[in-house]
Each structure stands twice: as structure tokens, then as C-alpha cells.
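Read off the chains here:
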Amino acid sequence: MPLRPGWPGHLAGQHVDVRLTADDGYQAVRSYSLAAPADGDCIELGVQAVIGGEVLPYLADQLSVGAEVEIRGPLGNWFVWRPDQTGSVLLVAGGSGIVPLTAMIRARRQAQPETPFHLLYSCTVPARRRTSGTATNSPTS
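None of the values given here were measured: they were computed from a predicted structure.

Draft legend 1. Representation of the nonpolar core within the structure. Formed by 15 residues in total, the largest nonpolar core has its most connected members in Trp81, Leu91, Ile98, Leu101, Met104 and Phe117. Every element with two or more residues in this core is listed here: strand S4 (89-94), helix H2 (98-111) and strand S5 (117-122). Looking at this core element by element, the count peaks at 7 residues for H2. Apart from the residues within four sequence positions on either side, Trp81 is in contact with Ala12, Val89, Met104, Ala107, Arg108, Pro113, Thr115 and Phe117. One finds Trp7, Val18, Tyr32 and Val69 within the second-largest nonpolar core, a separate group that totals 14 residues.

Draft legend 2. Expanded view of the environment of Thr124. Mapped onto the elements of the fold, Thr124 is located in the segment after S5. With a relative accessible area of 79%, Thr124 lands in the exposed category.

Draft legend 3. Quick look at the pattern of salt bridges. Scanning the entire structure with this criterion turns up 4 salt bridges. Here Arg19 ties to Glu70 by a salt bridge, and the two come within 2.5 Å at their closest N and O atoms. Taken together, the positions of Arg19 in strand S1 (residues 15-21) and Glu70 in strand S3 (residues 70-75) put the pair 51 residues apart, joining distant regions of the chain. For Arg19, a relative accessible area of 29% translates into the label partly exposed. Since its relative accessible area comes to 41%, Glu70 is described here as partly exposed. Glu54 is paired through a salt bridge with Arg30; the nearest N and O atoms lie 2.6 Å apart. Taken as a pair, Glu54 in the loop between strand S2 (27-33) and helix H1 (56-62) and Arg30 in strand S2 lie far apart in primary sequence, 24 residues in all.

Draft legend 4. Geometry of the environment of Ile105. On the secondary structure map, Ile105 appears in helix H2. Distance from Ile105 to His118, taken between C-alpha atoms, is 9.7 Å for residues 13 residues apart in sequence.

Draft legend 5. Molecular detail of the pairing of S5. With 6 bridges joining them, S4 and S5 adopt parallel strand pairing. From the neighbouring strand, Leu91 faces S5, where its bridge partner is Leu119. In terms of handedness, the path from S4 via H2 over to S5 forms a crossover that is right-handed.

Criteria and cut-off values
Residues numbered from 1 in each chain as written. Predicted model: local features only at pLDDT ≥ 70, side-chain atom pairs only at ≥ 80, totals over all residues. Heavy atoms only, no water. Core = buried A, V, L, I, M, F, W, Y, C linked by side-chain atoms within 4.5 Å. Buried < 20%, exposed > 50% of the residue type's maximum accessible area, 1.4 Å probe, protein only. Helix = DSSP H or I, 4+ residues; strand = E, 2+ residues; numbered from the N terminus. Contact = heavy atoms within 4.5 Å. Salt bridge = Lys/Arg side-chain N within 4 Å of Asp/Glu carboxyl O. Pairing = 2+ DSSP bridges. Right-handed = clockwise from strand over helix to strand, strands pointing away.

Right under this line is the structure:
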């Protein structure tokens, strides 16, 4: 999702609020985790359609390329990872909670520090597994 000038950048683990406005003026605001580390003027959100959802089906299936979406953030500074952190990291997630941890793993791969990362991930639907193995600096993991 390309951003307008002035985006301050973000840290792995932060989130944004997305506000959508319908043609009739109805507005809906939802928070979404950033799924990737900062990359210039683009952000990547972790979005999965939920049956009966009000906003996710629109974002996942109907939002057209180039459409304008109002974003507020980045938000959340309590659960982030910075490349200068040197202690071991244990990441624990279930379901969609994997999204901010994915951003942390990707940020670590970009920075290539020696920081040990360990991930414990649980999901109820095996087909939704997103990651396996260990987070290393090798290009195959």
C-alpha cells in the first residue's frame, strides 16, 4: 500500500488504524498489524477475510489498486523489535497474532544481527500455517 509523503516510518510490531468511508458517509475504523518492516513509502498489512466481517471482506476482495484509504499511525511502541536489541527473543503467537511477529522476523533478516529468535505458533486450522522452521540468517529459511 503506497503512502503519501510524510509517513514517519515504523518499527516491526507496530500497527495502524484504517478508516474506510462508504458512499453514504458510513465510516468503519479497524486496527491492522504491519506485516513487514519499514520499506520506503509502502506498508504491508496482514488482512484475512472473515465470514460476516464488515471491513475485511472489502479490503481482501473489493479494494481496487490505487484506491485511497485513510491510515492513522504507526501506533504501538510497547511490543516492537529494533535491530540494535541483542538479547534472545521468544515470539509466541496464535492465529492472526502471527502478523506482527512476521514483521519482526523479516526485520531481523534484513538487519542480519546475531540475535537468537525462537518462534512458537499455534493455529487451529493446519491449512493456515504460515511459517515453519527456525528464523536464521540463511536465505533458505
